Amino acid sequence: MSTLTRGTPPRTKVGLVAGGLGAYWPQFPDLLPQLERSSARVSERMTALDCEVVDVGFISDAQEGAAAAERLRAAGCDLIVGFLTTYMTATMLVPIAQRSGAPVLLINLQPTESMDHAAFDTGQWLAYCGACPLPEMANAFMRCGVPFRSVSGYLEDERAWEKIGRWVRAAGVRAALRRGRHGLMGHLYPGMLDVATDLTLVSANFGGHVEVLEFDDLRVRVEKVTDAETDERTKLAREVFELADTVNEDDLSWAARVSVGLDRLVADFELDSLAYYHRGLDGEIHERLGAGMILGASLLTARGIPAAGEYELRTSLAMLIMDRLGGGGSFTELQALDFARGHVEMGHDGPAHLAISSRRPLLRGLGVYHGKRGWGVSVEFDVARGPVTAFGLRQRHDGAFGFVVSQGEVVGGPLLQIGNTTSRVDFGCDPGEWTDAWSASGISHHWALGTGHRVADLRAVADLLGAELVHVQP
């Protein structure tokens, strides 16, 4: 059941409404057809952003706006896009924003970069007048307590469409969190105060549901895994990973069996993410289960179902956000600072996001998991060279979640060979200064490391969630 093939998350549902002032249509007969053509082009380009577009057409007055509001409310959209084609009154869009329950994006895209001033008459000018109502909308939305954001440009303005795409992606992340089911299995790693999360705060900040699981929920599923299923998963592991000569066949077989059981756990509870930890004792079954999870958790993470060890619920959520933005997102902490080269070395033992590895990932057999009980196989690789983003969720004293973000570059250099993921990141400054600034943000000691520079995307997600974003730039 588990492969490296990603599951298909639900498409982001975008409600689209275009409008203009109906008083213009009898005055300038050619204006409405031109604006409707622009509206059709916007709908076409929105669909190309890999989202489901609920297009309620063109509105010309407050009554049509109210009817569109009801249609969009019933559709359950993740984002509402209001296309200001020319001047229109705020009363046409405010009800849509109030009733939909979804974030609102206003777009002002005139037909071309510039008017032909010498040749245009009033009707032709009005097709370029979408900027005019934008301050009015902003004023009315603020006074009504409705958050909004806007993008201004022209119809084929790639800069503007890049921004629009960013808001669509952000809306998809918000929807994934609001609909998400997040597994939390086992118990807190003793003493890790920064990791502890009030489960109610997940729903309060992001929505979604936290499913509290026992390791026995995994145990009963692993007990039902057949030898044939175990052999098939072992074969998959040999295809996906390079195996070090330290890998013990019995340990690999056990990890494969646990992996199949993990897949069943995720399917039975319909999980979108998982955080786990169990200390165990003297080699008993729960200790063996915890020690055997790294293979299966890494395969799940590569499929877009992030799994994080050490009961790190907020980091599994950060990994989910990063994955939905296309950056992967691997479980990460600080490992060492290389002052000679100016690099921060970061990574983690345990599950990793295989899709962002710089090479074929390695399975290494370990007789000891540092700081944890048990033994078995662990994943070793470094993240692909190039731009990366460190991203984590902090919890403030008032219970509000916030984003902490920093951009850098994964670079080459010597790496430890101890069964951990390890990457060298150059943040463009002294590694000690970066570490002090990163720690001062209030981040926990775990976060997600993803590919690409994602601050702009994450800022959009934070905006839609009403979360504060701290950009660490020493």
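As a reminder, the structure under discussion sits directly above these lines.
In what follows, the accompanying structure is described.

About the cut-offs
- Residues numbered from 1 in each chain as written.
- Predicted model: local features only at pLDDT ≥ 70, side-chain atom pairs only at ≥ 80, totals over all residues.
- Heavy atoms only, no water.
- Pairing = 2+ DSSP bridges.
- Helix = DSSP H or I, 4+ residues; strand = E, 2+ residues; numbered from the N terminus.
- Axes fitted to C-alpha atoms, helices over the stretch in contact; angles between N-to-C directions.
- Contact = heavy atoms within 4.5 Å.
- Buried < 20%, exposed > 50% of the residue type's maximum accessible area, 1.4 Å probe, protein only.
- 1 Å grid on protein atoms, 1.4 Å probe; cavity = no way out; pocket = protein on both sides within 12 Å on 5 of 7 lines; lining within 4 Å.
- Points joined across faces, edges and corners; volume = space filled by probe spheres on them.
- Nonpolar A, V, L, I, M, F, W, Y, C, P; charged D, E, K, R; others polar.
- Core = buried A, V, L, I, M, F, W, Y, C linked by side-chain atoms within 4.5 Å.
- Salt bridge = Lys/Arg side-chain N within 4 Å of Asp/Glu carboxyl O.
- Parallel < 35°, antiparallel > 145°, perpendicular 65-115°, else oblique.
- Left-handed = near helix turned anticlockwise from the far one by under 90°.

Looking at the sheet that holds strand β3 (residues 79-84)
If you walk across this open sheet you meet the five strands as β2-β1-β3-β4-β5, and the pairing is parallel. Strands at the two margins of the open sheet, each flanked by one partner only, are β2 (52-59) and β5 (149-154). Each adjacent strand pair in this sheet contributes to an overall mean axis angle of 20°, direction not counted. Where strand β1 (residues 13-19) meets β3, six bridges bridge the pair, whose relative direction is parallel. The partner of Val14 across the bridge, within β3, is Leu79. Sheet strands in contact with helix α2 (residues 31-47) are β1, β2, β3 and β4 (104-110), and its direction is about 170° off that of β2.

Quick notes on the side chain of Ser273
Inspection of the secondary structure assignment puts Ser273 in strand β9 (residues 273-277). Looking at Ser273, the relative accessible area reads 1%, which means it is buried. Setting aside residues up to four positions removed in sequence, Ser273 forms contacts with Arg181, His182, Gly183, Ile305, Pro306, Ser316 and Leu317.

Points about the sheet that holds strand β8 (residues 242-243)
Here three strands make up an open sheet; going across it, the order is β8-β13-β14 and the pairing mixed. Sheet topology places β8 and β14 (376-380) at the edges, where each strand pairs with a single neighbour. Inspection of the sheet shows strand β13 (residues 362-366) paired to β14 by five bridges, in the antiparallel sense. Each bridged residue has a counterpart across the sheet, and for Gly365 the counterpart in β14 is Val377. Each of β8, β13 and β14 touches helix α11 (residues 249-269); the most contacted strand, β14, lies at about 75° to it.

Observations concerning empty space enclosed by the protein
Left-over empty space is what a probe sized like a water molecule reveals as it rolls over the atoms. Under the defined criterion, the tally for this structure stands at two cavities of 30 Å³ or more. Ser330, Phe331, Thr332, Met346, Gly347, Phe381, Val383, Thr421, Thr422, Ser423 and Leu449 are the residues that line the second largest cavity. Looking at side-chain class alone, the lining of the second largest cavity contains five nonpolar, six polar and no charged residues.

Section: the nonpolar core
Within the largest apolar cluster, 70 residues are counted, with the highest numbers of intra-cluster contacts made by Val42, Ile107, Leu109, Phe391, Phe403 and Leu458. Ranked by size, the runner-up nonpolar core spans 34 residues in total, among them Val240, Leu295, Val425 and Trp438.

Thoughts on the pattern of salt bridges
Using the criterion set out here, one finds 33 salt bridges in the structure. The salt bridge partner of Asp157 is Arg159, with a shortest N-O separation of 3.1 Å. Residue Asp157 is classed as buried on the basis of its relative accessible area of 7%. Of the charged contacts in the structure, one is a salt bridge between Glu380 and Arg364, with a shortest N-O distance of 2.6 Å. With a gap of 16 residues between them, Glu380 in strand β14 and Arg364 in strand β13 connect regions that are remote in the sequence. Through salt bridges with shared partners, one network takes in Arg41, Glu44, Arg45, Glu156 and Glu158.

Thoughts on the packing of helix α7 (residues 158-179) against helix α16 (residues 455-465)
Contact geometry for α7 and α16: axes closest at 8 Å, N-to-C directions at 55°. It follows that α7 is oblique to α16 by the angle criterion. Helix-helix and strand crossings are classified by hand; for α7 and α16 the assignment is right-handed. Here Arg166, Trp167, Arg169, Ala170, Ala171, Val173, Arg174 and Leu177 of α7 lie close against α16, whose contacting residues are Ala456, Asp457, Ala460, Val461, Asp463, Leu464 and Leu465.

Description of the packing of α11 against helix α13 (residues 294-302)
For the pair α11 and α13, interaxial distance at closest approach is 7 Å and the crossing angle is 45°. With respect to α13, the axis of α11 lies oblique. Crossing of α11 against α13: the hand is right-handed. Contact residues: α11 offers Ala255, Ala256, Ser259, Leu262, Asp263 and Val266, while α13 offers Leu295, Gly296, Ala297, Leu299 and Leu300. Class assignment for the residues of the contact of α11 with α13 results in eight nonpolar, two polar and one charged.

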